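Geometric and topological summary
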Amino acid sequence: MDRNADAPWSKFDPEVYVDNNYRTPLEADLHIVRLLRDYFSRCFAGSGPALARGVDVGAGANLYPALSMLPWCEKVLLLEYAPPNIEYLKRQTAPGGLGTEWDAFWDVLTEAPAYRGVDPHSRVGEIVRVERANLFDLDGRRRWDIGTMFFVADSMSECPEEFQRGVRCFMEALAGGAPFAVAFMKESVGYRVGEHRYPAYRVNEERARQALEPFTAELELHDLHHVVRPGHEGMILVLGRRKEEIAAP
């Protein structure tokens, strides 16, 4: 059984990953972006100035979760472990650095009014920062007002205990009432990026719900049937709010 520490994270190739998944937008991701857009818009309807603190845990080479938080945040932190992904994210979040490959995702977001007054190419450089962090080392201080975690807890290890721990660490970083979005590859048996293979835990709808329900005040689970590569059966998107009280481990 391959664990998180066994994977070749220092050799992860973000440019290959973006070429395979985001350079030409996949309908699966556009569907997810629509659901993100509508859920966060509902959660923040009638809110005042953009004062929330947002976090994307395990950002990888994917910018659309961060883009989905822009209208409501004064700060967005991208936490990532793999050094090549960190360098990629730093280039993308430098002033004027956001690539045009993300414009198609932003176009979908701007179908909701809250996004139309935001220029992502300037806003990302102003409020988005990148830090190296291990998901397992999050301090549990529940300081983030909105959070995302896309294809992380399920895509770093074959070990069920590490999957559960990853979900718990993310949820315990969120403040009470914080909206969140978590995505998993359904029944993934692992994946390749360039020449290297990376492990995965086989998540299904029941396992996703069981992992997240103890921490949530509301839960909206979307079992998406988009298959984007061999070795998985679709995608699962979970939207919800963090409980006010601290859940038991």
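This text goes with the structure placed above it.
This text gives an overview of the structure that appears in the document.

Thoughts on the environment of Ala 66
Here Ala 66 is to be found in helix α3 (residues 64-69). With a relative accessible area of 4%, Ala 66 lands in the buried category. Along the chain, Ala 66 and Val 124 lie 58 residues apart, while their C-alpha atoms are 8.6 Å from each other. Discounting residues that sit within four places of it in the chain, Ala 66 has contacts with Val 76 and Leu 78.

Topic: the packing of aromatic side chains
In the structure shown here, the tally under the stated rule is 16 aromatic pairs. Aromatic pair Trp 72 and Tyr 115: ring centres 5.3 Å apart, planes at 90°, arrangement edge-to-face. Separated by 43 residues along the polypeptide, Trp 72 in the loop between α3 and β2 (73-80) and Tyr 115 in helix α6 (residues 113-116) bring together distant segments of the chain. Overall, the relative accessible area of 8% leaves Trp 72 in the buried class. Where Phe 150 meets Phe 151, the ring centres are 5.8 Å apart and the plane angle is 90°; that geometry is what we call edge-to-face. Assigned by exposure class, Phe 150 and Phe 151 land together as buried. Ring-pair connections join several aromatic residues into one group, and the members of that group are Phe 12, Tyr 17, Tyr 22, Tyr 64, Trp 102, Phe 105, Phe 150, Phe 151 and Tyr 198. The ring of Tyr 81 has Arg 132 lying over it, and the distance from NZ or CZ to the ring centre is 4.5 Å.

Description of the environment of Val 108
Structurally, Val 108 is set in helix α5 (residues 103-109). Along the backbone, Val 108 and Leu 30 are 78 residues apart, and their C-alpha atoms lie at a distance of 7.2 Å. When sequence neighbours within four positions are dropped, the list of residues in contact with Val 108 reads Leu 30, Val 33, Arg 34 and Arg 37.

Details of the pattern of salt bridges
The tally for this structure, following the rule as stated, stands at 15 salt bridges. Arg 91 is the partner of Glu 15 in a salt bridge, and the nearest nitrogen-oxygen pair spans 3.4 Å. Placement of the pair is Glu 15 in helix α1 (residues 14-21) and Arg 91 in helix α4 (residues 83-93), with a sequence separation of 76 residues. For Arg 34, the salt bridge identified is with Glu 27, shortest N-O distance 3.0 Å. Classification of Glu 27 as partly exposed rests on a relative accessible area of 42%. Salt bridges sharing common partners tie together Glu 15, Asp 19, Arg 23, Arg 91 and Glu 101.

A closer look at the environment of Met 156
Within the secondary structure layout, Met 156 lies in the loop between β4 (146-150) and α8 (160-171). Once the C-alpha coordinates of Met 156 and Ala 5 are considered, the two residues, 151 residues apart in sequence, prove to be 8.6 Å apart. Those residues in contact with Met 156, other than ones at most four positions away along the chain, are Arg 3, Asn 4, Trp 9, Leu 135, Phe 136, Glu 162, Gly 166 and Pro 199.

Some thoughts on the sheet that holds β4
Spatially, seven strands are ordered β3-β2-β1-β4-β5-β9-β8 in an open sheet, and the strand pairing comes out mixed. Strands at the two margins of the open sheet, each flanked by one partner only, are β3 (128-132) and β8 (216-224). Neighbour-to-neighbour, the strand axes of this sheet turn through a mean angle of 15°, independent of strand direction. As judged from the five bridges shared by β2 and β3, these two strands associate in the parallel manner. By the bridge assignment for β3, Leu 79 is matched with Glu 131. Against the sheet, helix α2 (residues 27-43) contacts β4, β5 (179-186), β8 and β9 (234-242), and its axis sits at roughly 10° relative to β9. With respect to the sheet, helix α9 (residues 205-212) is in contact with β5, β8 and β9, its orientation differing from that of β8 by roughly 165°.

Basis of the calculations
Numbering of residues starts from 1 in every chain and runs along the sequence as written. Residues qualify for local features only when their pLDDT is at least 70, as the model is predicted, and side-chain atom pairs are given and counted only at 80 or more; totals for whole chains, interfaces and linings, by contrast, use all residues. Heavy atoms from the whole structure form the basis of all side-chain values; hydrogens and water molecules are not counted. What counts as a helix is a DSSP run of H or I of at least four residues, what counts as a strand is a run of E of at least two, and both are numbered from the N terminus. Throughout this description, buried means an accessible area under 20% of the type-specific maximum (1.4 Å probe, protein chains only), exposed means over 50%, and partly exposed covers the range between. Contacts between residues were defined by any pair of non-hydrogen atoms, one from each residue, lying within 4.5 Å. Each aromatic pair joins two rings of Phe, Tyr and Trp (for Trp, the six-membered one) with centres within 6.5 Å, and gets the label stacked for planes under 30 degrees apart, edge-to-face for over 60, and tilted for any other angle. We call a charge positioned over a ring when the NZ of a Lys or the CZ of an Arg lies within 6 Å of the ring centre and within 35 degrees of the ring normal. Criterion for a salt bridge: a side-chain nitrogen of Lys or Arg within 4 Å of a carboxyl oxygen of Asp or Glu. DSSP calls a pair of strands paired once it identifies at least 2 bridges connecting them. Orientation is described by axes fitted as lines to C-alpha atoms, over the contacting stretch for helices, and by angles from 0 to 180 degrees between their N-to-C directions.

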